[in-house]
Amino acid sequence: VDLSVSWLGVNMENPLYNASGVMCRSREELDAVAASAAGALITKSCTLLPREGNPEPRYAKAPHGSINSMGLPNAGYQYYLDYAKAYDHQGGKPLFVSVSGMSLEDNLEMLAAFRDADLPCLVELNLSCPNLPGKPQIGYDFEASSHVLSEVVKVYHKPFGVKLPPYFDPVHFAEMASVLNSFPSLKYVTCINSVGNGLVIDLDSESVVIKPKGGLGGIGGDYVLPTALANVREFYRLLDDKHVIGCGGVKSGREAFMHILAGATAVQVGTCLYEEGAACFARIRDELAALMQEKGYATLADFRGKLKTM
Ligand SMILES: O=C(O)c1[nH]c(=O)[nH]c(=O)c1I
């Protein structure tokens, strides 16, 4: 079977890569993803200046997934710009850069720097960090999203993507799709970011499991698969001439297959990568290949977006 994906001028030998935020904050972590069976890699969302992030513990494994309130810890955009400048873009694994400025001005300054560096990597603008106390998720404010994107396209003229929060209402899917469709150079969306502000309780200690925000954090893993699949399918259906990247609940070839069936061009792995390590990519890749073989599909295009309804 052929697991390759070619999209937006990049070629991936398989559709799997890390979710931004997991195994991608340092060059050592990024190199580990690049050295694994992953088909691509994406950096931790970056800010203008380096950030420590929230107090620890700020990530915890939960019975069916994970909770995190990292608070955007990152080395600052220059670090990832330098990594991108040194990266072997011809090596066959596309590098994506995630940008999540603390303000529109910061986003524009970082995007101008990436523009001027004229690198082959694709930029993913994060509109959905749920863990900055006092800062609402841009993606939940349709007017703010439209304003941010209007300013972004004045500065950044190359194709780019956005990381979206999960939506839970058909009216919201339609509203956000309408905003996104008015930006032709916005060529992909990654659905979904963690399900914001969940609360995991440990019964033995009768306590929350992470320190920031009284224990509130973004939820990932098995808990979010149905929501992730719904967002992939709805935006696949509603967006014009854009790709959808699936993220959420992928821990085997089965969930990767589901995301692609729902319309995903490629698929990111977060919680499972955090817990299992980079070996998960070869395992999930092989499971996906076996599933395709079993079902008689030779390529991803044979079943992409072909989810049956009743
Ligand atoms: O807390 C984080 O750093 C974080 N955590 C997430 O779950 N999603 C995000 O986009 C971010 I920027």
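For every chain, the first residue of its written sequence is number 1, and the numbers climb from 1 along that sequence. Thresholds applied to this predicted model are a pLDDT of at least 70 for local features of residues and 80 or more for the giving and counting of side-chain atom pairs; totals over whole chains, interfaces and linings are not thresholded and use all residues. Excluded from the side-chain calculation are hydrogens and water; included are all heavy atoms of the structure.

Caption draft 1: Representation of the site of the ligand within the structure. Throughout this document, a residue counts as near a molecule or strand when at least one of its heavy atoms sits within 4 Å of that molecule or strand. Around the ligand there are 13 residues in total, and Lys-44, Asn-68, Asn-126, Asn-193 and Ser-194 lie nearest to it. Two N or O atoms form a polar contact when they lie within 3.5 Å of each other; inside protein one atom must be a possible hydrogen donor and the other a possible acceptor, and for residues adjacent in sequence the pair counts only when both atoms belong to side chains. One of the side-chain nitrogen or oxygen atoms of Asn-68 is found 2.8 Å away from an oxygen atom of the ligand. Between the ligand and Asn-131, the relevant distance is 2.9 Å, taken from an oxygen atom to a side-chain nitrogen or oxygen of the residue. Expressed as a share of its isolated accessible area of 320 Å², the protein-covered part of the ligand is 93%. Grouping the constituent residues of the shell around the ligand by class yields five nonpolar, seven polar and one charged. The protein chains shown are the only cover counted for residues, whose accessible areas, like all others here, come from Shrake-Rupley with a 1.4 Å probe. Put simply, Ala, Val, Leu, Ile, Met, Phe, Trp, Tyr, Cys and Pro go in the nonpolar bin, Asp, Glu, Lys and Arg in the charged bin, and everything else, Gly too, in the polar bin.

Caption draft 2: Main features of the confidence of the model for the protein. Taken residue by residue, the protein gives an average pLDDT of 97. The fraction at 70 or more is 100%. Across the whole predicted complex the pTM is 0.98, and at the interface the ipTM reaches 0.99. Per-residue confidence from the predictor is reported as pLDDT, which spans 0 to 100.

Caption draft 3: View of the environment of Ser-178. For Ser-178, the position within the fold is in helix H5 (residues 170–181). Sequence spacing of Ser-178 and Phe-142 is 36 residues, and the spatial spacing of their C-alpha atoms is 9.4 Å. Strands are runs of DSSP state E lasting at least 2 residues, helices are runs of H or I lasting at least 4, and numbering of each runs from the N terminus.

Caption draft 4: Looking closely at unusual backbone geometry. With an omega of 0 degrees, the peptide bond running from Glu-56 to Pro-57 counts as cis. Secondary-structure assignment places Pro-57 in the loop between strand S4 (41–42) and strand S5 (59–62). With an omega of 5 degrees, the peptide bond running from Cys-191 to Ile-192 counts as cis. Secondary-structure assignment places Ile-192 in the loop between strand S10 (186–191) and strand S11 (195–199). For Leu-8, which is not a glycine, the phi torsion comes out positive at approximately 50 degrees. With respect to the helices, strands and loops of the structure, Leu-8 is situated in the loop between strand S1 (5–7) and strand S2 (10–12). A positive phi angle, near 55 degrees, is found at Asp-241, a position not held by glycine. Residue placement: Asp-241 occurs in the loop between helix H6 (225–238) and strand S15 (243–247). Think of it in three bands: with a 1.4 Å probe and only protein chains considered, a residue is buried below 20% of the maximum accessible area for its type, exposed above 50%, and partly exposed in between. A residue is classified by how much of its surface remains accessible, and Asp-241, at 64% relative accessible area, is exposed.

Caption draft 5: A look at the pattern of salt bridges. For this analysis, a salt bridge means a side-chain nitrogen from Lys or Arg found within 4 Å of a carboxyl oxygen belonging to Asp or Glu. This model, assessed by the stated rule, comprises ten salt bridges. The closest approach of N and O atoms between Asp-116 and Arg-115, which form a salt bridge, is 2.8 Å. On the basis of relative accessible area, Arg-115 is assigned to the partly exposed category, the value being 29%. In this structure, the salt-bridge partner of Glu-276 is Arg-283, at a minimum N-O distance of 2.6 Å.

Caption draft 6: Just the sheet that holds S5, in detail. Spatially, the four strands line up as an open sheet ordered S5-S6-S14-S11, and their pairing is antiparallel. Two strands bound the open sheet, and with one partner strand each, they are S5 and S11. Shown here is a sheet whose adjacent strand axes are inclined to one another by a mean of 40 degrees, direction ignored. Bridge count between S5 and strand S6 (residues 65–68): four bridges; the pairing is antiparallel. Of the residues in S6, the one forming a bridge with Ala-60 is Ile-67. For two strands to count as paired, DSSP must find a minimum of two bridges between them. Axis lines are fitted to C-alpha atoms, over the contacting stretch for helices. Their N-to-C directions set the angle, which ranges from 0 to 180 degrees.

Caption draft 7: Geometry of the packing of aromatic side chains. Centres within 6.5 Å make a pair out of two Phe, Tyr or Trp rings, where for Trp the six-membered ring is used; the pair is then stacked when the planes are under 30 degrees apart, edge-to-face when over 60, and tilted otherwise. Throughout the structure, instances matching the rule amount to 16 aromatic pairs. A ring pair is formed by Tyr-156 and Phe-160, whose centres lie 6.4 Å apart and whose planes are at 85 degrees; its orientation type is edge-to-face. Among the residues examined, Tyr-156 registers a relative accessible area of 2% and is labelled buried. Since its relative accessible area comes to 1%, Phe-160 is described here as buried.

Caption draft 8: Layout of H6. One less than the residue count of a helix, multiplied by 1.5 Å, gives the span that helix is expected to have. With 14 residues, H6 should cover 20 Å at 1.5 Å per step; its first-to-last C-alpha distance of 20 Å lies within 8% of that length. Those residues of H6 lying buried are Leu-225, Thr-227, Ala-228, Leu-229, Asn-231, Val-232, Glu-234 and Phe-235. Here a residue-residue contact requires only that any non-hydrogen atoms of the pair lie within 4.5 Å. The secondary structure elements touched by the buried residues of H6 are strand S9 (160–164), H5, S10, strand S14 (216–221), S15 and helix H7 (253–261).

Caption draft 9: The arrangement of the sheet that holds strand S7 (residues 95–99) in detail. Across the sheet, eight strands lie side by side as S3-S16-S15-S10-S9-S8-S7-S4; this open sheet has parallel pairing. This sheet does not close on itself; its edge strands, each paired only once, are strand S3 (16–18) and S4. Here strand S8 (residues 122–126) pairs with S9 via four bridges, running parallel. Within the sheet, the bridge partner assigned to Val-123 lies in S9 and is Phe-160. Running at roughly 155 degrees to S3, helix H9 (residues 280–295) makes contact with S3 and strand S16 (266–269) of the sheet.

Caption draft 10: A look at the state of the cysteines. The disulfide criterion is simple: two cysteine sulfur atoms within 2.5 Å. Applying the stated criterion to the full structure yields zero disulfides. You can see Cys-121 has no disulfide; the closest cysteine sulfur is in Cys-46, sitting 11 Å from it. Among the residues examined, Cys-121 registers a relative accessible area of 5% and is labelled buried. The thiol of Cys-272 is not disulfide-bonded; the next cysteine sulfur, from Cys-280, is found 4.6 Å away.

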